[in-house]
Each structure stands twice: as C-alpha cells, then as structure tokens.
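If you want the building blocks of each chain, they are given just below.
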Amino acid sequence: QVQLIESGGGLVQAGGSLRLSCAASGRSFRDYGAAWFRQAPGKEREVVAAINRSGTSTSYTESVKDRFTVSRDNVKNTVYLQMNILKPEDTALYYCAATTVTYVSISSADYNYWGRGIRVTVSS
C-alpha cells in the first residue's frame, strides 16, 4: 500500500504559478504510476496530468498543455505538478493518485490510491 499527501496549494492571482507536491509513503513509489486529478465545484473529476513509473512518459489534458508540467523524484518518493499561467478555471480541489498499471493512465478507474486533495484557488 501507499499513502499520498498533497501540499503546495493555495490562493494565487491569474497568471501566477504554484507547485503542488505529492509525498508518498509505504511501498517504494517507483513501483507506481501517478497522476493529478482535479474537481471543480459542480463539475466531475478530471485528469490533469499523468506520469509513468520512471518519469519518462507523461500525458496532459488539453486545457493545461504548455502550462502545467508533471514530474517525479523517485528518490524523494514525490510527484510534482508545476502550474504556470494559472487561470480562474483552474480553481479546483487537486488530488494525487497512484496506480499499479505499467502504462501512463488517464483513467481514474486505474488508480488504487488517492490523497485527500488540496485546494487551488485562482482569482481573476
């Protein structure tokens, strides 16, 4: 099993940046693929970015391409989401998730472990 704890959220003005971190404990994090999901008020949860076990392959939802970057440090057992040029529509609760599948998955059904979520609010 793996436990996930997100950090780095908060309030930022439009155009600003934030970096989310997801610290994993338990089994070696290099055994898991990872992803960031988000859920805005009144909307369904959506995948933001996903990364494979080694960090060599990533996938992004179209709305964040060229603004967000997902990365990982398997020595520190941490996954990051660098968010730049933030927009008010990025406001949401952001979740880190881990999966045992070996490919880059953008399906929430593949993710076995979830953090509690962290709020990101972007003001206009």
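Everything below is about the structure printed above this text.
Since this is a predicted model, take the numbers as computed values, not measurements. (Residues numbered from 1 in each chain as written. Predicted model: local features only at pLDDT ≥ 70, side-chain atom pairs only at ≥ 80, totals over all residues. Heavy atoms only, no water.)

(A) Representation of the overall build of the protein chain within the structure. For the protein chain, the count of helices and strands is 0 helices and 11 strands. Helices and strands in the protein chain line up, N terminus first, as β-β-β-β-β-β-β-β-β-β-β. For the protein chain, whose C-alpha radius of gyration is 13 Å, the value lies close to the compact-globule estimate of 14 Å for 124 residues. Over its C-alpha atoms, taken along the principal directions, the protein chain stretches across nearly 40 × 25 × 25 Å. Here the protein chain holds 124 residues, and the buried ones make up 44% of them. Long-range pairs, those at least 24 residues apart, make up 59% of the contacts in the protein chain with a sequence separation of at least 6. Accessible area of the protein chain: about 6,300 Å², with a carbon and sulfur share of 46%. For the protein chain, the centre of its 14 positive side-chain charges and the centre of its 10 negative side-chain charges are spaced 5 Å apart. (Helix = DSSP H or I, 4+ residues; strand = E, 2+ residues; numbered from the N terminus. Rg over C-alpha atoms; globule rule 2.2 N^0.38 Å. Buried < 20%, exposed > 50% of the residue type's maximum accessible area, 1.4 Å probe, protein only. Contact = heavy atoms within 4.5 Å. Areas by Shrake-Rupley, 256 points an atom, 1.4 Å probe, with all protein chains shown as cover. Lys, Arg positive; Asp, Glu negative; His and termini not counted. Charge placed at Lys NZ, Arg CZ, Asp CG, Glu CD.)

(B) Quick look at the nonpolar core. Among the nonpolar cores identified, the biggest contains 29 residues, and Phe29, Trp36, Leu81, Met83 and Tyr94 are the most heavily contacted of them. Residue assignment for this core shows that the elements contributing at least two residues are strand E1 (2-7), strand E3 (18-26), strand E4 (33-39), strand E5 (46-51), strand E7 (68-73), strand E8 (78-83), strand E9 (92-99) and strand E11 (118-123). Other than its neighbours up to four places away in sequence, leucine 81 contacts Leu18, Arg19, Leu20, Trp36, Val48, Ala49, Phe68, Thr69, Val70 and Tyr94. Core analysis: the next-biggest nonpolar cluster, separate from the first, contains 8 residues, Val47, Leu93, Ala97 and Tyr111 among them. (Core = buried A, V, L, I, M, F, W, Y, C linked by side-chain atoms within 4.5 Å.)

(C) View of the state of the cysteines. Applying the stated rule across the entire model yields 1 disulfide. Covalently, cysteine 22 is tied to cysteine 96 through a disulfide, its sulfur atoms 2.1 Å apart. Measuring handedness by torsion sign, the sulfur bridge of cysteine 22 and cysteine 96 sits at about -80 degrees and is left-handed. Of the two residues, cysteine 22 is situated in strand E3 and cysteine 96 in strand E9; the sequence distance between them amounts to 74 residues. With respect to class, cysteine 22 is no different from cysteine 96; both count as buried. (Disulfide = S-S within 2.5 Å.)

(D) Focus on the pairing of E1. With burial as the criterion, only one face of E1 is covered, namely that bearing Val2, Leu4 and Glu6; the residues Gln3, Ile5 and Ser7 on the opposite face remain uncovered. Here E1 runs beside E3; their pairing, made up of 6 bridges, is antiparallel. Bridge assignment links glutamate 6 to a residue of E3, and that residue is cysteine 22. (Pairing = 2+ DSSP bridges.)

(E) Structural context of the pattern of salt bridges. Counted by the stated rule, this structure contains 4 salt bridges. In this structure, the salt-bridge partner of glutamate 46 is arginine 38, at a minimum N-O distance of 2.7 Å. Owing to a relative accessible area of 5%, arginine 38 belongs among the buried residues under this scheme. Among the charged side chains, a network of salt bridges with common partners joins Arg38, Glu46, Arg67 and Asp90. (Salt bridge = Lys/Arg side-chain N within 4 Å of Asp/Glu carboxyl O.)

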